[in-house]
Amino acid sequence: MRPAQALIDLQALRHNYRLARQLGGGKALAIIKADAYGHGAVACARALQDEADGFGVACIEEALELRAAGIRGPILLMEGFFDATELPLIVEHDLWTVVSSRWQLEAVEAFRTDATLRIWLKLDSGMHRLGLSPEEFRDAYARLDALPNVGPLVLMSHLARADELDSNRTREQLEVFNRAIDGLAGETSLCNSPALLGWPDVRSDWVRPGLMLYGADPLYPQPSPHAAQLRPVMTLQSRVIAVRELAAGEPLGYGARFIAERPTRVGVVAMGYADGYPQFAPNGTPVLIDGVPGQLIGRVSMDMLTVDLTAHPQAGHGSIVQLWGNAPTISELAPRCNTSAYRLPCSLKRTPRVYLSE
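Nothing here was measured: the structure is a model prediction, and the numbers come from that model.

Caption draft 1: View of the pattern of salt bridges. What the rule picks out here adds up to 14 salt bridges. In this structure, the salt-bridge partner of arginine 350 is aspartate 275, at a minimum N-O distance of 3.1 Å. Residue arginine 350 is found in the loop between helix H11 (343-346) and strand E18 (353-356), and its partner aspartate 275 is found in the loop between strand E13 (264-269) and strand E14 (286-289); the two are separated by 75 residues along the sequence. With relative accessibility at 39%, the residue arginine 350 sits in the partly exposed group.

Caption draft 2: Representation of helix H4 (residues 60-68) in the model. Buried within H4 are the following residues: Ile60, Glu62, Ala63, Leu66 and Arg67. All buried residues of H4 lie within an arc of 160° about the axis, which places them on one face of the element. Exposed side of H4, more than 90 degrees from the buried face: Glu61 and Ala68 are the residues found there. Lining the buried residues of H4 we find helix H2 (33-38), helix H3 (41-48), strand E3 (54-57), strand E4 (75-77) and helix H5 (87-92). A positive backbone phi angle near 95° is found at glycine 70, which sits one or two residues after H4.

Caption draft 3: Structural context of unusual backbone geometry. Backbone torsion omega between tyrosine 220 and proline 221 reads 5°, so that peptide bond is classified as cis. The residue proline 221 is located in the loop between strand E9 (206-207) and strand E10 (234-246) in this model. Positive phi is not limited to glycine here, since alanine 36 has a value of about 55°. Along the chain, alanine 36 turns up in helix H2. Residue class for alanine 36 comes out buried when judged on its relative accessible area of 0%. Of note in the backbone geometry, alanine 256 takes a positive phi value of approximately 50° without being a glycine. Within the element layout of this structure, alanine 256 appears in the loop between strand E11 (251-252) and strand E12 (258-259).

Caption draft 4: Molecular detail of the packing of aromatic side chains. Counting across every chain of the model gives seven aromatic pairs. With a centroid separation of 6.2 Å and an interplanar angle of 35°, the aromatic rings of tryptophan 96 and tryptophan 120 are classed as tilted. Residue tryptophan 96 is located in strand E5 (residues 96-99), and its partner tryptophan 120 is located in strand E6 (residues 118-122); the two are separated by 24 residues in the primary sequence. Judged by relative accessible area, which is 0%, tryptophan 120 ranks as buried. Here tyrosine 277 and tryptophan 324 contribute two aromatic rings whose centre-to-centre distance is 6.4 Å and whose plane-to-plane angle is 15°, an arrangement assigned as stacked. Of the two residues, tyrosine 277 sits in the loop between E13 and E14 while tryptophan 324 sits in strand E17 (residues 320-324), which places them 47 residues apart along the sequence. In this pair, the class of tyrosine 277 matches that of tryptophan 324, namely buried. Members of the aromatic cluster, each reached through a chain of ring pairs, are Tyr37, Tyr214 and Tyr342. Across the ring face of tryptophan 96, the terminal group of arginine 118 is positioned such that the distance to the ring centre comes to 4.6 Å.

Cut-off values and rules
Once a new chain begins, its residue numbering starts again from 1 and follows that chain's sequence as written. Where local features are concerned, this predicted model is filtered to residues with pLDDT of at least 70; where side-chain atom pairs are given and counted, the filter is 80 or more; whole-chain, interface and lining totals use all residues. Note: side-chain values were computed over all heavy atoms of the structure, leaving out hydrogens and water. One side-chain nitrogen of Lys or Arg within 4 Å of one carboxyl oxygen of Asp or Glu is enough to make a salt bridge. A run of H or I in DSSP counts as a helix once it spans at least four residues, and a run of E counts as a strand once it spans at least two, with each numbered from the N terminus. Throughout this description, buried means an accessible area under 20% of the type-specific maximum (1.4 Å probe, protein chains only), exposed means over 50%, and partly exposed covers the range between. Throughout, the arc means the angular range of directions from the helix axis out to the C-beta atoms. In what follows, a contact means two residues having at least one pair of non-hydrogen atoms within 4.5 Å. When the centres of two rings from Phe, Tyr and Trp lie within 6.5 Å, Trp using its six-membered ring, the rings pair. Their planes under 30 degrees apart give stacked, over 60 give edge-to-face, and anything left gives tilted. Over a ring means this: the NZ of a Lys or the CZ of an Arg is within 6 Å of the ring centre and within 35 degrees of the ring normal.

See below:
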């Protein structure tokens, strides 16, 4: 069997959820959209179902996968429904939904059901993506609040620049949000991962940890007193499948991006961009080779990459190469590769996941 693996530490996932909930001081919606950021939504939901206050997914397809797997806790459709025909499914499967557009509001008003709909009403406080304008928000609240089949509303918004601690945009959005909800009854939801880690005076009844749930620091490289408490959930690793000896002056791999300046011992690793590893990771990108710091050399191929074994006489065929995990962390690796910590684990389409600490 090909040795590439993504090891998923479910105990680390639970730890990070508890940290997010502690920092939030209230309830926490575990965000497991996009297959739990590439970690496996069903496995992650099962690991958290005894303690999570609820789960956040992008769409009804993701929610139905969780229900089919036996997840019975609250599940919020973060983008709401895409068509009014989804409303009967929302009732049938006891889902919560965001309402962020006027057409969704009108669809809820037209929908007839004896069930109670649980709705999170979304304000556009400055992200300018989804959400009702401040001028529309209070009218939408009054209309939903008047419907007998709608339960208590949760008032929510989304912060666009909470990962920039030197930006005033978060405080501006908070002011817009507070003005819009002034005098309205209902729980609030505002804080994402960077707000939880970097803005201790910005809080809400419900917090929505996403990236931090998986152990990545959304504030990196800005200092964060709580980032050190996060535990990486995914360790990506593979093994050396061949060893080559290069003479000084010899090129390595596609495009001869690496040329040996001295006799160089090269390890060929079963991991490439088809597995989700960054295609344009530069020479010198850190890895661990049998637990010892090492580096990538040469261009990443579809199914293979190469590492420098010259300073690793103990390493050879079968040696374990760790691409990310506790070292290097995803947060450290992503900027080196001109990508984001959000994208890296989501890219792992082919690599099998092995779940630990069930």
